[in-house]
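Now for the letters of each chain:
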Amino acid sequence: MKTLFEKIYDREIQADIIHHDAICCAFRDISPKAPTHILIIPRKPIPRIGDASTADQEILGHLLLTAGKIARELGIDQTGFRTVINHGPHGGETVPHLHVHLLGGRQLTWPPG
Ligand code: AMP
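Procedures and definitions
Residues numbered from 1 in each chain as written. Predicted model: local features only at pLDDT ≥ 70, side-chain atom pairs only at ≥ 80, totals over all residues. Heavy atoms only, no water. Near = heavy atom within 4 Å. Polar contact = N/O pair within 3.5 Å; in protein donor to acceptor, adjacent residues only side chain to side chain. Areas by Shrake-Rupley, 256 points an atom, 1.4 Å probe, with all protein chains shown as cover. Helix = DSSP H or I, 4+ residues; strand = E, 2+ residues; numbered from the N terminus. Nonpolar A, V, L, I, M, F, W, Y, C, P; charged D, E, K, R; others polar. Core = buried A, V, L, I, M, F, W, Y, C linked by side-chain atoms within 4.5 Å. Buried < 20%, exposed > 50% of the residue type's maximum accessible area, 1.4 Å probe, protein only. Contact = heavy atoms within 4.5 Å. Pairing = 2+ DSSP bridges. Axes fitted to C-alpha atoms, helices over the stretch in contact; angles between N-to-C directions. Salt bridge = Lys/Arg side-chain N within 4 Å of Asp/Glu carboxyl O.

Our next topic: the site of the ligand. Near the ligand, the surroundings consist of 16 residues, among which Asp29, Asn86, Thr94, His99 and His101 are the closest. Here Gly92 contributes a backbone N or O atom positioned 2.9 Å from an oxygen atom of the ligand. Out of a free accessible area of 500 Å², the ligand has 85% covered by protein chains. Within the residue set of the shell around the ligand, elements represented by two or more residues are α1 (4-9) and β2 (24-28). Among the elements that take part in the shell around the ligand, α1 stands out by supplying three residues, more than any other. Residue classes in the shell around the ligand are distributed as seven nonpolar, six polar and three charged.

Next up, the structure:
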């Protein structure tokens with residue numbers, strides 16, 4: 001049974017995909033929390049960051065490098081941005097397929113809620 005995000009990666013469910021390669025894809029969040037809100041997901045259905053292993057090292061590095069690349073392409077690297085990975089109930093995770101949130105385009109507050 002595929003996860004929602006696997007179906008988006010495989011283009012079986014529509015999403016506003018802005019990047020797609022053999023390891024990951026990136027698309028606009030359906031409920032954006034900032035003017036720029038992108039999700040970067042691995043093709044491999046790793047449920048959440050705490051479930052990743054050393055075998056996933058290249059994938060995890062690729063997700064973050066892709067986040068930086070997209071931030072530059074969307075022009076938010078100079079003003080700044082935030083990457084977030086939610087794990088489990090207290091982290092606010094709602095989709096059990098690892099994803100990096102890329103948020104920018106406004107002043108983000110700290111600490112997060
Ligand atoms: P999290 O709460 O960290 O698990 O993040 C899941 C994110 O997925 C939320 O920000 C949702 O708005 C987003 N989301 C859920 N379904 C879709 C979808 N079909 N297309 C794009 N984003 C989605």
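From this point on, the discussion continues.
So, on to the nonpolar core. With 14 residues, the main nonpolar core has Ala26, Ile38, Ile40, Leu63, Ile70 and Leu102 as its most contacted residues. Listed by contribution, the elements that provide at least two residues to this core are β2, β3 (36-42), α2 (57-73) and β5 (100-104). Looking at this core element by element, the count peaks at five residues for α2. When near neighbours in sequence (up to four residues on either side) are disregarded, Leu102 contacts Thr36, His37, Ile38, Ile40, Ala67, Ile70, Ala71, Ile76, Phe81, Arg82 and Thr83. Counting residues in hydrophobic clusters, the runner-up holds nine residues, among them Ile8, Tyr9, Phe27 and Val95.

Another point: the pairing of β3. Summarising burial for β3: seven of the seven residues are buried, a large majority. With burial as the criterion, each face of β3 is covered, one bearing Thr36, Ile38, Ile40 and Pro42 and the other bearing His37, Leu39 and Ile41. Where β2 lies against β3, five bridges are found, and the strand directions are antiparallel. Bridged to Phe27 within β3 is Leu39. Inspection of the sheet shows β3 paired to β5 by five bridges, in the antiparallel sense. Bridging from a neighbouring strand, His37 pairs with Leu103 of β5.

Here the residue pair Trp110 and Pro111 is connected by a cis peptide bond, since its omega of 5° sits within 30 degrees of zero. Among the structural elements, Pro111 can be located in the segment after β5.

Spatially, β1-β2-β3-β5-β4 is the arrangement adopted by the five strands of the open sheet, whose pairing is antiparallel. The open sheet is flanked by β1 (17-20) and β4 (81-84), the only strands paired with a single partner. With strand direction ignored, the average angle separating the axes of adjacent strands in the sheet is 20°. Contacts from α2 reach β1, β2, β3, β4 and β5, with the element oriented near 155° to β3.

Attention now moves to the pattern of salt bridges. Summed over all chains, the structure comprises seven salt bridges. With its nearest N and O atoms 2.6 Å apart, the salt bridge here joins Lys2 to Glu12. Placement of the pair is Lys2 in the segment before α1 and Glu12 in the loop between α1 and β1, with a sequence separation of ten residues. The salt bridge partner of Asp16 is Arg28, with a shortest N-O separation of 3.5 Å. Highlighted residues: Asp16 in the loop between α1 and β1 and Arg28 in strand β2, separated in sequence by twelve residues. For Arg28, a relative accessible area of 34% puts it in the partly exposed group. Each member of the salt-bridge network shares a partner with another, and the members are Lys2, Asp10 and Glu12.

By themselves, these figures tell us nothing about what the structure is for.
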